[in-house]
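Next come the chains, spelled out residue by residue.
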2 protein chains.
Amino acid sequence: MRHIHLGLIGFGNIGTGVVKLLRDNADILEKRLGTKLVLKKIVDIDIESPRLTAVEPQLLSTDADAILNDPEIDIVIELVGGYQPALKFISDALNNRKHVVTANKALLATYGNDLFQLAAKKQRNICFEASVGGTIPIIKTIREGLVANRIRSVLGIMNGTSNYILTKMTTDREDFETVLKEAQELGFAEADPTFDVEGVDAAHKLALVLTLAYGRRVPLDDLYREGISGISQQDVEFAGELGYHIKLLAIARQHDELIEARIHPTMVPFHHLLANVNGNYNAFHIIGDASDSVFLYGQGAGMMPTASAVISDVIDISRDILKGVSWRVPARSFQEETIEDINLMPVENIMTHYYFRFSALDRPGVLSRIAGILAEENISIATVIQKGRKKGQAVPIVMTTHKSTEQNVRRALEQIDRLDIVQGQTVLIRIEDDRLP
Amino acid sequence: MRHIHLGLIGFGNIGTGVVKLLRDNADILEKRLGTKLVLKKIVDIDIESPRLTAVEPQLLSTDADAILNDPEIDIVIELVGGYQPALKFISDALNNRKHVVTANKALLATYGNDLFQLAAKKQRNICFEASVGGTIPIIKTIREGLVANRIRSVLGIMNGTSNYILTKMTTDREDFETVLKEAQELGFAEADPTFDVEGVDAAHKLALVLTLAYGRRVPLDDLYREGISGISQQDVEFAGELGYHIKLLAIARQHDELIEARIHPTMVPFHHLLANVNGNYNAFHIIGDASDSVFLYGQGAGMMPTASAVISDVIDISRDILKGVSWRVPARSFQEETIEDINLMPVENIMTHYYFRFSALDRPGVLSRIAGILAEENISIATVIQKGRKKGQAVPIVMTTHKSTEQNVRRALEQIDRLDIVQGQTVLIRIEDDRLP
């Protein structure tokens, strides 16, 4: 049987894992696939530095065209990351009728529409299992495993770095800044952590999940997004007192024609599986109309876990190649001609539970004035915690609510924050709790 | 584009779900697949009784040949269950070059070798996602998602009924017999519960998981199996005191050439995801050499969740049919010519942690004699609980051990159970606890 020839562009951390895995598990890969995978060329701007996995020098090149223009290469693995030249590499590969495997969520979330259309036109596969949830087969599960379902909702912990930070803030009772610095020293967070801690990376992943779940084009900038840099140790502790852990959740939920999509810190009840996903792990809680709850969990990043996902795509494509077919499963889960623009629910219209922390002066009538404004906006209070008594000083008043509308909440907080008895801005954290009405 | 024609044999609970799902979600199924799925014929021995989903009378027949001999039907969905006539239906379908979707774990675990060989010879797909883990895409995950991995281990809660019973015994502090009776009244357990509570159903599923993970033929009777009918409320309570929940685990683990495989009640530490799988749910904790931990969770049974898995197989096969290919992914995950007999580790050689509950007379020297025998057999004690003091009467002495060998444990218990100070048979429950040495 013919061999499958691979070209790898990007010999960094994940690329090294891919080379290692192709080598270490060559025997079982062949037993499963029925033929050999041959890595013909590795391209990187730096081919001098030593890697964990040594390769023969003639495999290496700094010229991507050595892969993109080699007619023998069947599959191009793009692990460069970023927008350019990754976009050019993938476009060239598809134009040269090569299949593509990529882990590049930023690129796909931004330029995916063009790339998927190009792939469909060229009838070449573009696979991206490694781009969301690392080793977790979340793409395959939404696109194939749950293919028979209308996806009611997907709730996910899609960024390992921010989950690591929130976990450490919870277990070690440390501030965001302290934990972030530690994470940077350990290599778990980047020097510029914006993408991870401000929910940008999670938004890229949610955009891809939305596309697969609903077959829609998703304008990245329209996704409502809040990061975790505003979460204080005080809020982590109050959350614990109320029976919640704080997680950076990416949330997708269908309401007839409208789709709710948002990324923000969320309080999740202790008993929920998502509340128990700690450290660098990622997880997805999917509800399908037929499947009911399905929960997937695993390493969202890391050299070998991500390489595992990359190779799973390589094998999937290789099976197509060996049978002489392609574009067997549409890249966006739905047939290209059915893909429409997404109809996002305005964030003002979402309904959920809320946690508020007010900094109020400890004077008679404070609670009554805050509660009065909330009542006027139809916001029903579920619990109240008021602690500490420092005459004339601000004390925290914590409230959780029954299901309320975001726009009412915003209107109420605007009024409350203008009260002379309230200091600073009220902290708002949304709660996912299906036990509350 | 051509339509895909389906024949359904078995119009029971799951069959009704399949018909309902094909109808309710026809629109999105077509948007995803690119063509229509047409259910051409439904066969059952009883076509008179009303179902939740009404169908036109001309769709119904009592004669399986109406499906098996219809050249237009592409895919036969077998949901009859049991050995015969299901075996004949599937064999006839494959011989007539039809693809097969089945949820029949008992049949595949018993006669799978012949059926898979027949399917390979005829180059027809035989898909069985619904046979293990209900709605959870566990087959697809092992076979495709984790294809790049050597599977180090799979630990699973594979039987919902026994998990329901163990959960109720834990939360409601009731005896096995009481909970079983309740479960039978609620329809969660069969009148004859043997298959579920004695681990037979879990053994069928473990046999399939072993085949997919390791590419081996598995003689069902060689799998070590214990059920949950011997679990007492007392042991559930002691487990809780020690920080464990008792679960019926199916365990597969690779040790070089030998594979460990066993089904038995197991104590799992509270913090482990598997310990938190409650009620009817199933779950799988897989460790791959590259992927590290992957955890999947969902409904292991039920009309619509199982139908979701059945239709996912139907779509997978339909995609092959539309591209004019078949046998794209080998049914047993490995190429047929590489499938070998499994080399099971003798149960006497397994090493794990143990929980013992001795019924000992409360006399001086009892603990010393028990501990002495354990020491002679190289069994190192981790914890001891001794409670209650009734002079001259039996009291429970509970011990957990560090990692010990099953044969040493059996030898020690045989000696201990012969002591005049020990009454009845010592209770042995194995523990999975990676925190213990």
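Computed from a predicted model, the values in this text were never measured in an experiment.

(A) Spotlight on the interface of chain A and chain B. Contact with chain A, which involves 60 residues of that partner, is made by 60 residues of chain B. Interface area for chain A against chain B, summed over the two sides, is near 5100 Å², with a carbon-plus-sulfur share of 54%. Sorting the residues of chain A by area buried against chain B places A:R32, A:R319 and A:R328 first, and these three jointly supply 16% of that buried surface. At the boundary of chain A with chain B, the tally comes to eight salt bridges. Measuring nitrogen to oxygen at the nearest pair gives 3.6 Å for the salt bridge that ties B:R328 to A:D316. At the junction of chain A and chain B, the tally comes to 34 residue pairs in polar contact (both at pLDDT 80 or more). If you list the elements that add at least two residues to the side of chain A that touches chain B, you get α1 (13–24), α2 (26–33), α6 (138–145), β13 (292–299) and α12 (303–323) of chain A. Looking at the side of chain A that touches chain B, its residues break down into 26 nonpolar, 17 polar and 17 charged.

(B) Inspection of the nonpolar core at higher detail. Counting 169 residues, the largest nonpolar core has A:I165, A:L210, A:L223, B:I165, B:L210 and B:L223 as the members making the most contacts within it. In this view, B:L223 contacts B:A203, B:A207, B:L210, B:V218, B:A261, B:I263 and B:L344; residues no more than four positions away in its chain are not counted.

(C) Spatial organisation of the packing of helix α7 (residues 160–171) of chain B against helix α8 (residues 176–185) of chain B. All names here are of chain B. Between α7 and α8, the least distance of the axes is 9 Å, while the angle of their chain directions is 125°. In terms of axis orientation, α7 runs oblique to α8. For the pair α7 and α8, the sense of crossing is right-handed. Of the residues in α8, those in contact with Y164, I165, K168 and M169 of α7 are F176, V179, L180, E182 and A183.

(D) Summary view of helix α13 (residues 366–376) of chain A. Residues and elements named next belong to chain A. Those residues of α13 that sit buried are V366, I370, I373 and L374. For α13, the angular spread of the buried residues around the axis is 100°, confining them to a single face. For α13, the exposed residues lying more than 90 degrees away from the buried face are S368, A375 and E376. Elements that come into contact with the buried residues of α13 comprise β15 (351–361), β16 (381–386), β17 (394–401) and α14 (406–418).

(E) Looking closely at the pairing of strand β7 (residues 151–157) of chain A. Residues and elements named next belong to chain A. Among the seven residues in β7, six count as buried, and that is most of the element. Pairing geometry for β7 and strand β10 (residues 244–255), over four bridges, is antiparallel. For L155, the partnering residue across the bridge sits in β10 and is I251.

(F) How the structure looks around the pattern of salt bridges. All chains considered together, the criterion is met by 66 salt bridges over all chains. A salt bridge links A:R410 to A:E348; the shortest N-O distance between them is 3.6 Å. Linking A:R410 in helix α14 with A:E348 in the loop between β14 (340–341) and β15, this pair joins segments that are 62 residues apart in sequence. On the basis of relative accessibility, which here comes to 30%, the residue A:E348 falls in the partly exposed class. The network of salt bridges with common partners includes A:K140, A:E144, A:D316, A:D320, A:R328, B:K140, B:E144, B:D316, B:D320 and B:R328.

(G) Representation of the sheet that holds strand β5 (residues 99–102) of chain B in the model. All names here are of chain B. One open sheet accounts for six strands, arranged β3-β2-β1-β4-β5-β6; its pairing is parallel. Each having just a single partner strand, β3 (60–61) and β6 (126–127) make up the two edges of the open sheet. Bridge analysis of strand β4 (residues 75–78) against β5 gives four bridges, and the strand direction is parallel. Bridging from a neighbouring strand, V76 pairs with V100 of β5. Contacts from helix α1 (residues 13–24) reach β1 (4–9), β2 (37–43) and β4 within the one sheet, and its direction differs from that of β2 by about 155°.

(H) Main features of the relation of the copies chain A and chain B. With an RMSD of 0.0 Å, the fit of chain A onto chain B corresponds to turning through 180° and sliding 0.0 Å along the axis. Such a combination of turn and shift is consistent with a two-fold rotation axis. Residue A:L296 of chain A places its C-alpha closer to the rotation axis than any other residue of that unit, at 2.4 Å. Both copies present the same face, since 100% of the interface residues in chain A are matched by interface residues at the equivalent positions in chain B.

(I) Structural context of α1(A). Residues and elements named next belong to chain A. Across its 12 residues, α1 extends 16 Å between first and last C-alpha, which sits within 8% of the 16 Å expected from 1.5 Å per residue. All of the buried residues along α1 are G15, T16, G17, V18, V19, L21 and L22. Those residues of α1 that are buried lie in contact with β1 (4–9), α2, β2 (37–43), β4 (75–78) and α12.

(J) Here's a closer look at the packing of aromatic side chains. Scanning the model with the defined rule gives 15 aromatic pairs over all chains in all. On the numbers, 6.4 Å between centres and 90° between planes, the contact of A:F295 with B:Y297 is edge-to-face. Here A:F295 is found in strand β13, whereas its partner B:Y297 is found in strand β13 (residues 292–299) on a different chain. Just as A:F295 is buried, B:Y297 falls in that class too.

(K) Broad picture of the domain arrangement of chain A. Residue and element names in this part refer to chain A. As assigned here, chain A comprises domain 1 (4–134 + 303–339), domain 2 (138–299) and domain 3 (348–431). Centre-to-centre separation of domain 2 and domain 3, based on C-alpha positions: 25 Å. Together domain 2 and domain 3 conceal approximately 1400 Å² of surface at their shared face, both sides included; 62% is due to carbon and sulfur atoms. Its largest share of buried area at the contact with domain 3, domain 2 owes to F238, L242 and M267, together 36% of the area lost on that side. Taken together, the connections running from domain 2 to domain 3 amount to three salt bridges. The partner of E241 in a salt bridge is K387, and the shortest N-O contact between them spans 2.8 Å. At the boundary of domain 2 with domain 3, the tally comes to eight residue pairs in polar contact (both at pLDDT 80 or more). Taken together, the elements giving at least two residues each to the side of domain 2 that touches domain 3 come down to α11 (233–242), β10 and β11 (258–269).

Rules and cut-offs
- Residues numbered from 1 in each chain as written.
- Chains lettered and ligands numbered in written order.
- Predicted model: local features only at pLDDT ≥ 70, side-chain atom pairs only at ≥ 80, totals over all residues.
- Heavy atoms only, no water.
- Contact = heavy atoms within 4.5 Å.
- Buried area = accessible area lost by both parts, 1.4 Å probe.
- Salt bridge = Lys/Arg side-chain N within 4 Å of Asp/Glu carboxyl O.
- Polar contact = N/O pair within 3.5 Å; in protein donor to acceptor, adjacent residues only side chain to side chain.
- Helix = DSSP H or I, 4+ residues; strand = E, 2+ residues; numbered from the N terminus.
- Nonpolar A, V, L, I, M, F, W, Y, C, P; charged D, E, K, R; others polar.
- Core = buried A, V, L, I, M, F, W, Y, C linked by side-chain atoms within 4.5 Å.
- Buried < 20%, exposed > 50% of the residue type's maximum accessible area, 1.4 Å probe, protein only.
- Axes fitted to C-alpha atoms, helices over the stretch in contact; angles between N-to-C directions.
- Parallel < 35°, antiparallel > 145°, perpendicular 65-115°, else oblique.
- Left-handed = near helix turned anticlockwise from the far one by under 90°.
- Arc of directions from axis to C-beta.
- Pairing = 2+ DSSP bridges.
- Least-squares fit on C-alpha atoms with pLDDT ≥ 70 in both.
- Expected span 1.5 Å × (residues − 1).
- Phe/Tyr/Trp six-rings, centres within 6.5 Å; stacked < 30°, edge-to-face > 60°.
- Domains from an automatic or database assignment.

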